[in-house]
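Coordinate inspection notes
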Amino acid sequence: MKQEEFIELAGGTFKNNKYYNDWDGDDKYENFWAFFDSDYEYVKSVYGGIDISTLRQKKLHSIEHIYPKGNLKDYLKLRNEQENIIKGATTNPLNFAAEHRKINQFRGHLPFDIENDTIVRQINLTMPTFYTDWGKDHENEWIVPTISRGNVARTMLYMFLTYNVQELFEEHLNTYIYWAKSDPLTYWEIEFNQWVHEKHKIKNPFCDDSIEMVKLLDDKELF
């Protein structure tokens, strides 16, 4: 498959008339949190592993951009991309994950560690985290919990291809492909993908089903 065919399969490159920073609480709820109000409150936040329902009850929830929106926005502007595509890059719900507000701020725009480095710094929270293998390494890279690596990788690969920015992390591609293969799709991940497709007509083809995911990950022409 060629990259253009992947983008077509994904429903095109997401466009919007607002930046994420222009979204209010209703926008964030409608495009993300509403999904978890059905049968998915038990889903855990991507890094700390705290239940989404707990974070929301305590008003400590935050939307994490797996591919940092600031990096993406700056790069697409340098490339003179269309404004509605740049805005869409910051509001694409397929790049969202739930996280504790402080952990989201702590990660910031850090790139992910792909070398299995040791954590040298975490932050103390007022509640326990169920995943403990997250934080910063000695190179100031962000260590992703093993249990979340597939989710992160499938998101990064989708963003690489639909926004044509894979060259920014080209040395990470093989690691993300491995992470995506070794950490299977969950059914809520598949159903969130379907929910976004119903709302916006876009989808992450790596999250359709496991068989199709592996086919795409093995497609050397695509990468």
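A brief look at the structure comes next. Here the structure is a predicted model, which means the values were calculated and not measured.

**Description of the pairing of strand β2 (residues 96–100)**
Counting buried positions along β2 gives five out of five residues, so the element sits mostly inside the fold. Alternating residues of β2 divide into F96, A98 and H100 and A97 and E99, and every residue in both groups is buried. Taken together, the five bridges between strand β1 (residues 61–65) and β2 define a ladder with antiparallel strand orientation. Across the sheet, H61 pairs through a bridge with H100, a residue of β2.

**Concerning helix α9 (residues 187–200)**
Its 14 residues give α9 an end-to-end C-alpha distance of 20 Å, which sits within 8% of 20 Å, the value for a rise of 1.5 Å per residue. Of all the residues in α9, the buried ones are W188, E189, F192, N193, W195 and V196. Relative to the axis of α9, the buried residues are bounded by an arc of 160 degrees and lie together on one face. Away from its buried face by more than 90 degrees, α9 exposes Y187 and E198. On the buried face of α9, the contacting elements are α2 (25–31) and α7 (149–162). At the exit of α9 stands K201, carrying a positive phi of roughly 65 degrees.

**Describing the packing of aromatic side chains**
Considering all chains together, one arrives at 24 aromatic pairs under this definition. Between W23 and F96, the aromatic rings sit 6.0 Å apart at their centres with planes inclined by 85 degrees, giving edge-to-face as the arrangement. With W23 in the loop between α1 (3–9) and α2 and F96 in strand β2, this residue pair connects regions lying 73 residues apart in the sequence. Both residues of the pair, W23 and F96, belong to the buried class. Between the aromatic rings of Y40 and Y187, the centroid separation amounts to 6.4 Å while the plane-to-plane angle is 50 degrees, which identifies the pairing as tilted. Of this pair, Y40 sits in the loop between α2 and α3 (52–57) while Y187 is found in helix α9, placing the two residues 147 residues apart along the sequence. Y40 gets classed as buried once you look at its relative accessible area, which sits at 7%. The ring of Y19 has K73 lying over it, and the distance from NZ or CZ to the ring centre is 4.3 Å. Above the face of the W195 ring, K199 is positioned so that its terminal group lies 5.4 Å from the ring centre.

**Structural notes on the nonpolar core**
Counting 67 residues, the largest nonpolar core has F36, F112, W142, L157, F160, Y163 and F206 as the members making the most contacts within it. Broken down by element, this core gets its largest block of residues, eight residues, from α7. Apart from residues no more than four positions distant in its own chain, F36 is found in contact with E41, V43, I52 and W188.

Calculation notes
All residue numbers refer to position in the chain's written sequence, counted from 1. Where local features are concerned, this predicted model is filtered to residues with pLDDT of at least 70; where side-chain atom pairs are given and counted, the filter is 80 or more; whole-chain, interface and lining totals use all residues. Remark: hydrogens and water are excluded; side-chain values derive from all non-hydrogen atoms of the structure. Only protein chains enter the accessibility calculation, which uses a 1.4 Å probe; a residue whose area is less than 20% of its type maximum is buried, one above 50% is exposed, and one in between is partly exposed. Helix numbering and strand numbering both begin at the N terminus, where a helix is a DSSP run of H or I of at least 4 residues and a strand a DSSP run of E of at least 2. Two strands form a pair only when DSSP identifies at least two bridges running between them. Each helix should span, by expectation, one fewer than its residue count multiplied by 1.5 Å. Directions are taken from the helix axis to each C-beta atom, and the arc is the one they span. For this analysis, residues touch if any pair of their heavy atoms sits within 4.5 Å. By convention, a stacked pair of Phe, Tyr or Trp rings (six-membered ring in the case of Trp) has centres within 6.5 Å and planes under 30 degrees apart, an edge-to-face pair has planes over 60 apart, and any other such pair is tilted. Here, a charge over a ring means that NZ of Lys or CZ of Arg falls within 6 Å of the ring centre while also lying within 35 degrees of the ring normal. The term nonpolar core refers to a set of buried residues drawn from Ala, Val, Leu, Ile, Met, Phe, Trp, Tyr and Cys, joined through side-chain atoms within 4.5 Å.

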